[in-house]
Amino acid sequence: MAPKASNKINRIRTFALSLVFVGILIMYIGIFFRTSPIIMTISMLLGFLFIIASSGVYFWIGMISTNTVKVYCPNCNKITKILGRVDACMHCDEPLTLDPDLEGKELDPKYNRKKMEH
Ligand SMILES: [Zn+2]
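These numbers were taken from a predicted model, which means no experiment stands behind them.

## Points about the overall build of the protein chain
Turning to step 1, where the next piece is worked out: Along its length, the protein chain carries two helices and four strands.
Turning to step 2, where the next piece is worked out: When the helices and strands of the protein chain are listed from N to C terminus, the series reads α-α-β-β-β-β.
Turning to step 3, where the next piece is worked out: Taken over 118 residues, the protein chain has a buried fraction of 11%.
Turning to step 4, where the next piece is worked out: Once local pairs closer than 6 in sequence are excluded, the contacts in the protein chain between residues at least 24 apart make up 43%.

Right, dumping it as structure tokens:
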């Protein structure tokens with residue numbers, strides 16, 4: 001079974017959110033090493049880096065959001081954002097495409113990388 005397709009922007013958001021949690025977790029672990037200033041400093045810096053990285057990812061989402069196309073999902077009748085040629089609906093994970101050539105075909109991530117030759 002292939003993994004269920006999900007919306008790209010949603011996936012990146014989940015990734016950014018998990019970076020924040022990892023950063024907080026690392027800083028929290030650092031508190032347990034109060035007796036060792038070196039370990040505590042390293043874990044604080046590492047946790048801080050993770051949080052910086054996640055804000056970078058959030059910034060990146062903002063940048064790529066300008067390239068998305070808003071469409072009505074035929075499956076759930078909600079407005080969703082499509083990134084690239086093929087993407088899944090943000091609400092119901094219905095595969096959607098902007099390319100009429102690919103309509104009705106299986107959602108495949110390779111369509112986003114390779115330009116189809118005719
Ligand atoms: Zn939908």
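## Observations regarding the nonpolar core
Turning to step 1, where the next piece is worked out: Counting five residues, the largest nonpolar core consists of Ile-82, Ala-88, Cys-89, Met-90 and Leu-96.
Turning to step 2, where the next piece is worked out: Ignoring sequence-local partners within four residues, the contact set of Cys-89 consists of Asn-7, Cys-73, Asn-75, Cys-76, Thr-80, Glu-94 and Leu-96.

## Concerning the UniProt feature "transmembrane region" (unreviewed entry) in the protein chain
Turning to step 1, where the next piece is worked out: UniProt annotation of "transmembrane region" (unreviewed entry) refers to residues 12-32 and 38-61 when read in the numbering used here.
Turning to step 2, where the next piece is worked out: As annotated, residues 12-32 comprises 95% helix and 0% strand, and the C-alpha atoms at either end are separated by 31 Å.
Turning to step 3, where the next piece is worked out: Here residues 38-61 runs as 100% helix and 0% strand, with 35 Å between its end C-alpha atoms.

## Digging into the packing of helix α1 (residues 8-31) against helix α2 (residues 37-65)
Turning to step 1, where the next piece is worked out: Where α1 contacts α2, the two axes come as close as 7 Å, and the packing angle between them is 165°. The angle between α1 and α2 falls in the class roughly antiparallel. Pair α1 / α2 crosses with left-handed handedness.
Turning to step 2, where the next piece is worked out: Class assignment for the residues of the contact of α1 with α2 results in 21 nonpolar, six polar and one charged.

The rules behind these values
- Residues numbered from 1 in each chain as written.
- Predicted model: local features only at pLDDT ≥ 70, side-chain atom pairs only at ≥ 80, totals over all residues.
- Helix = DSSP H or I, 4+ residues; strand = E, 2+ residues; numbered from the N terminus.
- Buried ≥ 20, exposed ≤ 12 C-beta atoms within 10 Å, placed from the backbone.
- Contact = placed C-beta atoms within 7 Å.
- Core = buried A, V, L, I, M, F, W, Y, C linked by C-beta atoms within 7 Å.
- UniProt positions renumbered as here; feature names shortened; annotations may be inferred.
- Axes fitted to C-alpha atoms, helices over the stretch in contact; angles between N-to-C directions.
- Parallel < 35°, antiparallel > 145°, perpendicular 65-115°, else oblique.
- Left-handed = near helix turned anticlockwise from the far one by under 90°.
- Nonpolar A, V, L, I, M, F, W, Y, C, P; charged D, E, K, R; others polar.

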